[in-house]
Amino acid sequence: MAQILHQVVAGEGMLALWYHYAILFEALFILTTVDAGTRVGRFLIQDPAGMAWAPLGRTDWWLGNVLATGLCVSAWGYFLYQGVVDPLGGINTLWPLFGIAHQMLAAIALSFACVCLVKIKRERYLWIPLLPTVWLIICTMTAGWQKLFHEDVRIGFLSHARLFSDALAAERVLAPARSLADMERVVRYDYVNAGLTVVLMSLVVAMVFFGMRAAIKGWHARSATTMETVRVAI
């Protein structure tokens, strides 16, 4: 990254500046994103775990926090391991999932904005977040569907898994795999990624459903059902 930026904007001391910029980018973006994602994942694990056993849902219980954090780190750590040992290369299998998840989060955030506008009785501004929300939902669901069921093996997880499964049954090794063990690994990761795609698409559908239900309820309410800030008596 530093070399590329240095070719665009060159000058005395600029290469060192671009190296520093790249280090800050990694520290502030990648590391903080993983940290924040792990914290959110811990909460998502502790919420349902607390329904099974109340102490696990307590965020002030040190042991419960460690267990939930360990599960979350193990989950994303598995994909780091997959990226290292996958014969196709981690970027080829994880990048589509990253794109779907990235747009999914944007769609969920914009859906939340739409619901808030309805609940605070600002419906006249609803079209501003609604238009990109609809577009992102269409893009996310279309991309997810294609990653699942597209017949092109370069796109669809399931078609790619079938290709390697058929070759594995015939004991043929397809590039870039180098052994039958690599072939089995490719098939397994294809099905893992397909399952995660289904989960991500299901989350989008669930958020849209509950968001629409909350928005309809707020639309029929006579007054605002939520406020941007807490009312303060003067």
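Since we're looking at a predicted model, the values are computed, not measured.

1. Some words on the overall build of the chain
1) Next: Looking only at helices and strands, the chain features seven helices and zero strands.
2) Next: The helix and strand sequence of the chain, counted from the amino end, reads α-α-α-α-α-α-α.
3) Next: By its C-alpha atoms, the chain is 75 × 55 × 45 Å across when sized along the principal axes.
4) Next: Per-residue burial over the chain gives 28% buried out of 234 residues.
5) Next: Taking as baseline every contact in the chain between residues at least 6 positions apart, the subset at least 24 positions apart corresponds to 55%.
6) Next: Surface summary for the chain: the accessible area is close to 15,700 Å², and the carbon and sulfur share equals 70%.

2. Let's talk about a nonpolar patch on the surface
1) Next: A cluster of nonpolar side chains, M1, Y21, F25, F29, I30, L31, V34, V73, W76 and L80, forms an exposed patch at the surface whose accessible area comes to about 910 Å².
2) Next: Among the elements of the structure, α2 (14-52) and α3 (62-85) are those that each provide at least two residues to the nonpolar patch.
3) Next: Per-element tally for the nonpolar patch: the top contributor is α2, with six residues.
4) Next: Structurally, V73 can be placed in helix α3.

3. Remarks on the pattern of salt bridges
1) Next: Per the counting criterion, the structure on display carries five salt bridges.
2) Next: Salt-bridge contacts for D152 lead to R154; the nearest nitrogen and oxygen are separated by 3.0 Å.
3) Next: One salt bridge connects D182 with R185, and the closest N-O pair in it is separated by 2.8 Å. With D182 and R185 both in helix α7 (residues 180-220), this residue pair falls three residues apart, about one helical turn.

4. A look at the layout of surface pockets
1) Next: In this structure, the largest pocket encloses a volume near 1,800 Å³.
2) Next: Every residue lining the largest pocket is counted, 31 residues in all, and those nearest its centre are G37, W76, F98, A101 and L105.
3) Next: When residues of the lining of the largest pocket are traced back to their parent elements, those giving at least two are α2, α3, α4 (90-119) and α7.
4) Next: By residue number, the principal contributor to the lining of the largest pocket is α2, which donates eleven residues.
5) Next: Residues belonging to the lining of the largest pocket are distributed by class as follows: 24 nonpolar, seven polar and no charged.
6) Next: Each pocket or cavity is described by its volume, and for the second largest pocket that value is around 260 Å³.
7) Next: Lining the second largest pocket we find 15 residues, and of these C114, L130, G211, M212 and A215 sit closest to its centre.
8) Next: Of all the secondary structure elements, the ones that give two or more residues to the lining of the second largest pocket are α4, α5 (127-149) and α7.
9) Next: Looking at which element gives the most residues to the lining of the second largest pocket, the answer is α7, with six residues.
10) Next: Residue composition of the lining of the second largest pocket, by class: twelve nonpolar, three polar and no charged.

5. Considering the packing of aromatic side chains
Note on aromatic pairs: each is described by the distance of the centres and the angle between the planes.
1) Next: Going through the model one piece at a time under the given rule, you end up with five aromatic pairs.
2) Next: Measuring from ring centre to ring centre gives 4.5 Å for W145 and F149, while their planes differ by 55°; the resulting arrangement is tilted. In this pair, W145 and F149 are both assigned in helix α5, four residues apart and thus about one turn of the helix distant.
3) Next: Since its relative accessible area comes to 52%, W145 is described here as exposed.
4) Next: Taking relative accessible area as the criterion, F149 reaches 45% and is therefore assigned partly exposed.
5) Next: Consider the rings of F209 and F210, whose centres lie 5.2 Å apart with planes at 75°: the pair is edge-to-face.
6) Next: Taken together, the ring pairs connect Y78, F79 and Y189 into an aromatic cluster.
7) Next: Directly above the aromatic system of F157 lies the positively charged group of K147, at a separation of 4.4 Å from the ring centroid.
8) Next: Just above the ring of Y189 sits the side chain of R188; from NZ or CZ to the centre is 5.5 Å.

Each value, and the rule that gives it
- What you see as residue numbers is a count from 1 along each chain, following the sequence as written.
- In keeping with the model being predicted, local features are shown solely for residues with a pLDDT of at least 70 and side-chain atom pairs are shown and tallied solely at 80 or more, while totals for entire chains, interfaces and linings include all residues.
- Hydrogens and water molecules were not included; the side-chain quantities draw on all heavy atoms of the structure.
- Segments assigned H or I by DSSP are reported as helices when at least four residues long, segments assigned E as strands when at least two residues long, and all are numbered from the N terminus.
- Working definition: with a 1.4 Å probe on protein chains only, accessible area under 20% of the residue-type maximum means buried, over 50% means exposed, and in between means partly exposed.
- Should any heavy atoms of two residues lie within 4.5 Å, those residues are counted as being in contact.
- Working definition of accessibility: Shrake-Rupley area with a 1.4 Å probe, residue cover restricted to the visible protein chains.
- Patches in this entry comprise residues that are over 30% relatively accessible and not in a salt bridge; like charges within 9 Å are linked, as are nonpolar side chains (Val, Leu, Ile, Met, Phe, Trp, Tyr) within 5 Å.
- We define a salt bridge as a contact between a side-chain nitrogen of Lys or Arg and a carboxyl oxygen of Asp or Glu at a distance within 4 Å.
- Cavities and pockets are defined on a 1 Å grid built over the protein atoms alone: a cavity is a set of grid points where a 1.4 Å probe fits but cannot escape, while a pocket is an open set with protein on both sides within 12 Å along at least five of seven lines, and lining residues are those with an atom within 4 Å of any such point.
- Grid points are joined across faces, edges and corners, and a volume is the space filled by probe spheres set on the points.
- Residue polarity follows a fixed list, in which Ala, Val, Leu, Ile, Met, Phe, Trp, Tyr, Cys and Pro are nonpolar, Asp, Glu, Lys and Arg are charged, and the others, Gly among them, are polar.
- Two rings from Phe, Tyr or Trp (for Trp, the six-membered ring) form a pair when their centres sit within 6.5 Å of each other. Planes less than 30 degrees apart are called stacked, planes more than 60 degrees apart edge-to-face, and all others tilted.
- Two conditions define a charge located above a ring, namely a distance within 6 Å from the ring centre to NZ of Lys or CZ of Arg, and an angle within 35 degrees of the ring normal.

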